[in-house]
Amino acid sequence: MSTSLATHADASAAPAPVLSFSPVVLPVPGRPVDLQVRVSVPATGTGLPVILLSHGHGPSNNLSSLNGYAPLVDFWAAHGFAVIQPTHLTSRTLSHLVADAPGAPDFWRSRAEDMTHILDRLDVIERTVPQLAGRIDRTKVAVAGHSLGGFTAALLLGAGVRDPDTGNVVHLVDPRIRAGVLLAAPGRGGDVLNGPMAERMPVIGAVDFSTMTAPALVVAGDKDDSRHFTDMGPDWHADPYTLAPGPKTLFTLFDAEHGLGGIAGYDAAETTDENPERVAALARLTAAYLHTQLHPGAHTWQTVCEEVTAGPAPMGRVEFK
(Lines give C-alpha, C1' and ligand atoms only; values in the text may rest on other atoms or scores of the structure.)
Protein backbone atom coordinates (compact mmCIF):
# COMPACT_ATOMS: atom_id res chain seq x y z
CA MET A 1 0.00 0.00 0.00
CA SER A 2 1.29 3.43 -0.87
CA THR A 3 2.26 5.62 2.08
CA SER A 4 1.93 8.91 0.23
CA LEU A 5 -0.11 11.58 1.96
CA ALA A 6 -2.01 12.33 -1.25
CA THR A 7 -3.36 8.80 -1.33
CA HIS A 8 -4.34 8.66 2.33
CA ALA A 9 -5.89 12.08 2.60
CA ASP A 10 -8.04 11.73 -0.49
CA ALA A 11 -11.67 11.44 0.65
CA SER A 12 -12.45 9.54 -2.55
CA ALA A 13 -9.66 6.97 -2.17
CA ALA A 14 -10.00 3.52 -0.68
CA PRO A 15 -9.83 3.63 3.12
CA ALA A 16 -6.76 2.45 4.97
CA PRO A 17 -6.93 0.21 8.06
CA VAL A 18 -7.18 2.29 11.24
CA LEU A 19 -5.31 2.00 14.51
CA SER A 20 -7.11 3.47 17.55
CA PHE A 21 -5.44 3.81 20.95
CA SER A 22 -7.00 4.97 24.21
CA PRO A 23 -6.69 6.32 26.73
CA VAL A 24 -3.60 8.45 26.43
CA VAL A 25 -3.48 10.10 29.85
CA LEU A 26 -2.15 13.65 30.10
CA PRO A 27 -1.93 15.06 33.64
CA VAL A 28 -2.81 18.76 33.64
CA PRO A 29 -2.02 20.88 36.73
CA GLY A 30 -5.19 22.33 38.22
CA ARG A 31 -7.53 20.13 36.17
CA PRO A 32 -9.72 18.11 38.56
CA VAL A 33 -9.07 14.89 36.62
CA ASP A 34 -6.40 13.90 34.12
CA LEU A 35 -7.04 14.69 30.47
CA GLN A 36 -7.73 11.46 28.59
CA VAL A 37 -7.67 11.24 24.80
CA ARG A 38 -8.21 8.70 22.05
CA VAL A 39 -5.92 8.75 19.03
CA SER A 40 -7.01 7.20 15.72
CA VAL A 41 -4.67 7.05 12.73
CA PRO A 42 -4.27 5.15 9.47
CA ALA A 43 -2.06 2.10 9.83
CA THR A 44 0.36 3.46 7.23
CA GLY A 45 1.55 6.83 6.01
CA THR A 46 3.53 9.77 7.33
CA GLY A 47 3.02 13.52 7.39
CA LEU A 48 -0.44 12.98 8.89
CA PRO A 49 -2.43 16.18 9.50
CA VAL A 50 -4.18 16.42 12.87
CA ILE A 51 -7.89 16.85 13.59
CA LEU A 52 -8.81 17.75 17.17
CA LEU A 53 -12.41 16.65 17.73
CA SER A 54 -14.53 18.27 20.45
CA HIS A 55 -17.58 16.29 21.55
CA GLY A 56 -20.95 17.72 22.47
CA HIS A 57 -23.51 16.85 25.12
CA GLY A 58 -26.22 14.24 24.72
CA PRO A 59 -28.31 11.72 26.65
CA SER A 60 -25.89 8.82 26.19
CA ASN A 61 -23.33 8.10 28.86
CA ASN A 62 -20.28 7.57 26.65
CA LEU A 63 -20.78 9.30 23.31
CA SER A 64 -19.90 12.64 24.93
CA SER A 65 -16.34 11.45 25.52
CA LEU A 66 -13.36 9.98 23.72
CA ASN A 67 -15.62 7.01 22.90
CA GLY A 68 -17.98 8.92 20.60
CA TYR A 69 -18.23 10.06 16.99
CA ALA A 70 -16.93 6.84 15.44
CA PRO A 71 -18.73 7.43 12.10
CA LEU A 72 -16.60 10.53 11.53
CA VAL A 73 -13.44 9.44 13.31
CA ASP A 74 -13.19 6.14 11.46
CA PHE A 75 -13.56 7.84 8.09
CA TRP A 76 -11.16 10.68 8.82
CA ALA A 77 -8.47 8.34 10.14
CA ALA A 78 -8.95 5.88 7.27
CA HIS A 79 -8.37 8.74 4.84
CA GLY A 80 -5.14 10.07 6.25
CA PHE A 81 -5.77 12.13 9.38
CA ALA A 82 -4.56 11.68 12.94
CA VAL A 83 -7.75 12.25 14.95
CA ILE A 84 -7.38 13.17 18.61
CA GLN A 85 -10.46 13.10 20.86
CA PRO A 86 -10.38 14.40 24.42
CA THR A 87 -12.90 13.64 27.12
CA HIS A 88 -13.88 17.15 28.23
CA LEU A 89 -14.98 17.85 31.79
CA THR A 90 -18.56 18.20 30.52
CA SER A 91 -18.68 14.48 29.74
CA ARG A 92 -21.32 12.42 31.52
CA THR A 93 -18.57 9.93 32.28
CA LEU A 94 -17.04 12.51 34.64
CA SER A 95 -20.12 14.22 36.07
CA HIS A 96 -19.84 12.39 39.42
CA LEU A 97 -16.25 13.61 39.80
CA VAL A 98 -16.43 17.24 38.69
CA ALA A 99 -19.92 18.45 39.62
CA ASP A 100 -18.51 20.97 42.12
CA ALA A 101 -15.31 21.84 40.27
CA PRO A 102 -14.60 25.43 39.18
CA GLY A 103 -16.16 26.05 35.77
CA ALA A 104 -18.99 23.58 36.19
CA PRO A 105 -21.29 22.72 34.56
CA ASP A 106 -20.35 24.01 31.08
CA PHE A 107 -16.54 24.16 31.53
CA TRP A 108 -16.36 26.39 28.46
CA ARG A 109 -12.83 27.61 29.17
CA SER A 110 -11.50 24.17 30.10
CA ARG A 111 -12.88 22.62 26.92
CA ALA A 112 -10.84 24.95 24.72
CA GLU A 113 -7.79 24.66 26.96
CA ASP A 114 -7.94 20.85 26.58
CA MET A 115 -7.07 21.30 22.90
CA THR A 116 -4.18 23.62 23.65
CA HIS A 117 -2.81 21.10 26.17
CA ILE A 118 -3.00 18.39 23.50
CA LEU A 119 -1.07 20.47 21.00
CA ASP A 120 1.50 21.37 23.64
CA ARG A 121 2.12 17.67 24.26
CA LEU A 122 1.99 16.06 20.85
CA ASP A 123 5.45 14.67 21.56
CA VAL A 124 4.06 12.74 24.53
CA ILE A 125 1.18 11.45 22.43
CA GLU A 126 3.53 10.34 19.66
CA ARG A 127 5.73 8.46 22.14
CA THR A 128 2.75 6.84 23.86
CA VAL A 129 0.76 5.60 20.87
CA PRO A 130 2.39 2.55 19.24
CA GLN A 131 3.62 3.07 15.67
CA LEU A 132 2.88 6.81 15.72
CA ALA A 133 6.28 8.38 16.40
CA GLY A 134 7.41 10.66 13.60
CA ARG A 135 4.19 10.34 11.56
CA ILE A 136 2.35 13.57 12.53
CA ASP A 137 2.72 16.85 10.66
CA ARG A 138 2.47 19.45 13.41
CA THR A 139 2.16 22.29 10.92
CA LYS A 140 -1.19 20.95 9.69
CA VAL A 141 -3.73 21.10 12.52
CA ALA A 142 -7.50 21.51 12.33
CA VAL A 143 -10.31 21.45 14.87
CA ALA A 144 -13.81 20.03 14.54
CA GLY A 145 -16.69 20.06 17.00
CA HIS A 146 -20.34 19.06 17.24
CA SER A 147 -22.96 21.09 19.11
CA LEU A 148 -21.20 22.43 22.22
CA GLY A 149 -18.05 21.11 20.58
CA GLY A 150 -18.77 23.54 17.74
CA PHE A 151 -18.79 26.35 20.30
CA THR A 152 -15.40 25.12 21.54
CA ALA A 153 -14.06 24.99 17.98
CA ALA A 154 -15.27 28.55 17.36
CA LEU A 155 -13.27 29.83 20.34
CA LEU A 156 -10.13 28.06 19.12
CA LEU A 157 -10.63 29.58 15.65
CA GLY A 158 -10.79 33.12 17.03
CA ALA A 159 -14.29 33.83 18.33
CA GLY A 160 -14.38 35.86 21.52
CA VAL A 161 -16.64 35.21 24.47
CA ARG A 162 -17.76 37.46 27.30
CA ASP A 163 -17.18 35.65 30.56
CA PRO A 164 -20.61 35.58 32.26
CA ASP A 165 -18.95 35.74 35.68
CA THR A 166 -16.59 38.68 35.12
CA GLY A 167 -17.94 40.48 32.07
CA ASN A 168 -14.48 40.40 30.49
CA VAL A 169 -14.04 39.35 26.86
CA VAL A 170 -11.90 36.22 26.63
CA HIS A 171 -9.99 34.98 23.58
CA LEU A 172 -8.77 31.37 23.56
CA VAL A 173 -7.63 31.21 19.94
CA ASP A 174 -4.76 28.83 19.21
CA PRO A 175 -2.76 30.02 16.18
CA ARG A 176 -1.48 26.50 15.54
CA ILE A 177 -4.98 25.55 14.37
CA ARG A 178 -5.27 26.46 10.71
CA ALA A 179 -8.90 25.57 9.91
CA GLY A 180 -12.01 24.10 11.43
CA VAL A 181 -15.37 22.40 11.00
CA LEU A 182 -18.37 23.48 13.11
CA LEU A 183 -21.13 20.86 13.17
CA ALA A 184 -24.56 22.02 14.39
CA ALA A 185 -22.84 24.68 16.50
CA PRO A 186 -24.84 27.19 18.58
CA GLY A 187 -25.44 30.64 17.15
CA ARG A 188 -25.89 34.18 18.39
CA GLY A 189 -27.10 35.46 21.75
CA GLY A 190 -29.12 38.57 22.46
CA ASP A 191 -32.88 38.63 22.09
CA VAL A 192 -32.99 35.47 19.98
CA LEU A 193 -31.57 33.39 22.83
CA ASN A 194 -34.96 33.04 24.50
CA GLY A 195 -35.42 29.33 25.17
CA PRO A 196 -35.45 27.60 28.56
CA MET A 197 -31.76 26.66 28.31
CA ALA A 198 -30.62 30.26 27.81
CA GLU A 199 -30.44 31.03 31.52
CA ARG A 200 -28.81 27.70 32.36
CA MET A 201 -25.99 28.20 29.82
CA PRO A 202 -25.51 31.98 29.49
CA VAL A 203 -22.07 31.56 27.93
CA ILE A 204 -23.71 30.24 24.76
CA GLY A 205 -25.14 33.70 24.09
CA ALA A 206 -21.91 35.48 24.97
CA VAL A 207 -19.94 34.45 21.88
CA ASP A 208 -18.70 37.01 19.35
CA PHE A 209 -18.10 35.50 15.92
CA SER A 210 -16.74 38.75 14.43
CA THR A 211 -13.18 37.81 15.41
CA MET A 212 -13.37 34.21 14.14
CA THR A 213 -11.05 34.85 11.22
CA ALA A 214 -9.67 31.36 10.55
CA PRO A 215 -11.12 29.37 7.64
CA ALA A 216 -14.06 27.21 8.71
CA LEU A 217 -16.75 24.97 7.28
CA VAL A 218 -20.05 25.52 9.11
CA VAL A 219 -22.50 22.61 8.82
CA ALA A 220 -26.16 23.29 9.65
CA GLY A 221 -29.10 20.93 9.32
CA ASP A 222 -32.14 22.59 7.77
CA LYS A 223 -34.40 20.74 10.25
CA ASP A 224 -32.25 21.48 13.32
CA ASP A 225 -34.72 23.59 15.28
CA SER A 226 -33.20 24.07 18.75
CA ARG A 227 -36.24 25.47 20.56
CA HIS A 228 -34.62 24.89 23.96
CA PHE A 229 -32.28 27.76 23.07
CA THR A 230 -34.10 29.91 20.52
CA ASP A 231 -37.18 30.38 18.39
CA MET A 232 -35.01 31.57 15.50
CA GLY A 233 -35.25 28.16 13.83
CA PRO A 234 -32.53 26.21 11.98
CA ASP A 235 -30.90 29.41 10.71
CA TRP A 236 -29.47 29.90 14.23
CA HIS A 237 -26.93 27.17 13.54
CA ALA A 238 -25.73 29.06 10.46
CA ASP A 239 -24.73 32.07 12.58
CA PRO A 240 -21.04 31.07 12.83
CA TYR A 241 -21.02 31.50 9.03
CA THR A 242 -23.33 34.50 8.80
CA LEU A 243 -21.72 36.55 11.57
CA ALA A 244 -18.04 35.65 11.08
CA PRO A 245 -15.69 37.18 8.53
CA GLY A 246 -14.51 35.17 5.55
CA PRO A 247 -13.12 32.87 4.45
CA LYS A 248 -16.05 30.70 5.49
CA THR A 249 -18.10 27.95 3.88
CA LEU A 250 -21.66 26.98 4.83
CA PHE A 251 -22.98 23.52 4.08
CA THR A 252 -26.72 23.26 4.69
CA LEU A 253 -27.53 19.58 5.12
CA PHE A 254 -30.99 18.76 3.80
CA ASP A 255 -33.53 17.13 6.17
CA ALA A 256 -30.90 16.95 8.93
CA GLU A 257 -31.69 17.51 12.59
CA HIS A 258 -29.21 18.12 15.40
CA GLY A 259 -27.61 14.68 15.07
CA LEU A 260 -26.85 15.35 11.40
CA GLY A 261 -27.90 11.82 10.51
CA GLY A 262 -26.13 10.10 13.40
CA ILE A 263 -22.54 11.39 13.63
CA ALA A 264 -22.24 10.94 17.40
CA GLY A 265 -22.21 7.14 17.20
CA TYR A 266 -23.24 4.12 15.18
CA ASP A 267 -26.93 3.28 15.74
CA ALA A 268 -27.23 5.77 18.59
CA ALA A 269 -30.75 5.62 19.97
CA GLU A 270 -31.02 9.37 20.53
CA THR A 271 -30.37 10.21 16.89
CA THR A 272 -33.65 11.66 15.64
CA ASP A 273 -32.74 11.65 11.96
CA GLU A 274 -30.88 8.36 11.45
CA ASN A 275 -29.51 8.38 7.91
CA PRO A 276 -26.27 6.50 7.10
CA GLU A 277 -26.05 8.06 3.64
CA ARG A 278 -26.18 11.54 5.17
CA VAL A 279 -23.42 10.66 7.63
CA ALA A 280 -21.26 9.16 4.88
CA ALA A 281 -21.65 12.27 2.73
CA LEU A 282 -20.80 14.53 5.65
CA ALA A 283 -17.73 12.48 6.54
CA ARG A 284 -16.46 12.73 2.97
CA LEU A 285 -17.21 16.43 2.69
CA THR A 286 -15.54 17.40 5.97
CA ALA A 287 -12.46 15.31 5.18
CA ALA A 288 -12.22 16.92 1.76
CA TYR A 289 -12.61 20.42 3.17
CA LEU A 290 -9.88 19.96 5.76
CA HIS A 291 -7.53 18.26 3.32
CA THR A 292 -7.83 21.17 0.90
CA GLN A 293 -7.44 23.79 3.66
CA LEU A 294 -4.31 22.09 4.99
CA HIS A 295 -2.88 21.39 1.51
CA PRO A 296 -3.44 24.55 -0.56
CA GLY A 297 -3.89 23.78 -4.22
CA ALA A 298 -5.48 20.39 -3.68
CA HIS A 299 -8.70 19.74 -5.59
CA THR A 300 -10.24 17.32 -3.08
CA TRP A 301 -12.89 19.75 -1.84
CA GLN A 302 -14.07 20.75 -5.29
CA THR A 303 -14.43 17.14 -6.41
CA VAL A 304 -16.31 15.87 -3.36
CA CYS A 305 -18.44 19.01 -3.05
CA GLU A 306 -19.72 18.56 -6.60
CA GLU A 307 -20.55 14.91 -5.95
CA VAL A 308 -22.44 15.67 -2.73
CA THR A 309 -24.39 18.71 -3.90
CA ALA A 310 -25.13 17.82 -7.54
CA GLY A 311 -27.42 15.31 -9.19
CA PRO A 312 -31.11 14.53 -8.76
CA ALA A 313 -30.85 13.94 -4.99
CA PRO A 314 -28.32 16.39 -3.52
CA MET A 315 -27.42 15.98 0.16
CA GLY A 316 -27.22 19.73 0.71
CA ARG A 317 -26.14 23.09 -0.67
CA VAL A 318 -22.94 25.06 -0.27
CA GLU A 319 -22.31 28.80 0.09
CA PHE A 320 -18.99 30.63 0.28
CA LYS A 321 -17.68 33.97 1.42
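Everything below is about the structure shown above.
Rules used in this analysis
Residues numbered from 1 in each chain as written. Predicted model: local features only at pLDDT ≥ 70, side-chain atom pairs only at ≥ 80, totals over all residues. Heavy atoms only, no water. Phe/Tyr/Trp six-rings, centres within 6.5 Å; stacked < 30°, edge-to-face > 60°. Helix = DSSP H or I, 4+ residues; strand = E, 2+ residues; numbered from the N terminus. Buried < 20%, exposed > 50% of the residue type's maximum accessible area, 1.4 Å probe, protein only. Lys NZ or Arg CZ within 6 Å of the ring centre and 35° of its normal. Pairing = 2+ DSSP bridges. Salt bridge = Lys/Arg side-chain N within 4 Å of Asp/Glu carboxyl O. Arc of directions from axis to C-beta. Contact = heavy atoms within 4.5 Å. Polar contact = N/O pair within 3.5 Å; in protein donor to acceptor, adjacent residues only side chain to side chain.

Moving on, we come to the packing of aromatic side chains. Per the counting criterion, the structure on display carries three aromatic pairs. A centroid spacing of 6.4 Å and a plane angle of 90° characterise the contact between W301 and F320, whose relative ring orientation is edge-to-face. Linking W301 in helix α9 (residues 300–309) with F320 in strand β12 (residues 316–320), this pair joins segments that are 19 residues apart in sequence. Relative accessible area serves as the criterion here: at 11%, W301 is assigned to the buried category. A relative accessible area of 53% means that F320 is categorised as exposed. A network of ring pairs unites the aromatic residues Y289, W301 and F320 as a single cluster. The aromatic ring of Y241 is capped on one face by K321, whose charged end is 5.0 Å from the ring centroid.

The strand order across the open sheet formed by three strands is β7-β6-β9, and the pairing between neighbours is antiparallel. Edge strands, defined here as strands with exactly one partner in the open sheet, are β7 (169–171) and β9 (207–208). Sheet analysis places strand β6 (residues 160–162) next to β9, joined by two bridges and oriented antiparallel. Within the sheet, the bridge partner assigned to V161 lies in β9 and is V207.

Moving on, we come to the pattern of salt bridges. Tallied over the full model, the rule gives 13 salt bridges. With its nearest N and O atoms 3.2 Å apart, the salt bridge here joins D137 to K140. With respect to class, D137 is no different from K140; both count as buried. The closest approach of N and O atoms between D174 and R176, which form a salt bridge, is 2.8 Å. A relative accessible area of 32% places R176 in the partly exposed class. If you follow the salt bridges from partner to partner, you end up with D120, D174 and R176 in one network.

As a further point, take α9. One turn of the α-helix equals 3.6 residues, which is why residues spaced by three or four share an orientation. Turning to α9, its buried residues are T300, W301, V304, C305 and V308. Viewed end-on, α9 has its buried residues packed into an arc of 110°, placing them on one side of the element. Those residues of α9 that are buried are in contact with β10 (216–221), β11 (248–253), α8 (276–294) and β12. Looking one or two places after α9, you find G311, whose phi comes out positive at around 90°.

Bringing the side chain of S147 into the picture now. Position of S147 among the secondary structure elements: in the loop between β5 (136–146) and α6 (148–156). A distance of 2.8 Å separates a polar atom in the side chain of S147 from a polar atom in the side chain of H258. Excluding residues that lie within four positions of it along the chain, S147 makes contacts with G56, L183, A184, A185, P186 and H258.

For the rest of this paragraph, the subject is the pairing of strand β8 (residues 179–183). Every other side chain in a regular strand lies on the same face of the sheet, so the side chains alternate between the two faces. Among the five residues that make up β8, five are buried, leaving the element largely enclosed by the rest of the structure. In the sheet, β5 pairs with β8 via five bridges, with the strands oriented parallel. The residue bridging G145 from the neighbouring strand is L182, located in β8. Where β8 meets β10, four bridges bridge the pair, whose relative direction is parallel. When the bridges of β10 are listed, V181 appears paired with L217.

Function cannot be read off these values alone, since they describe shape.
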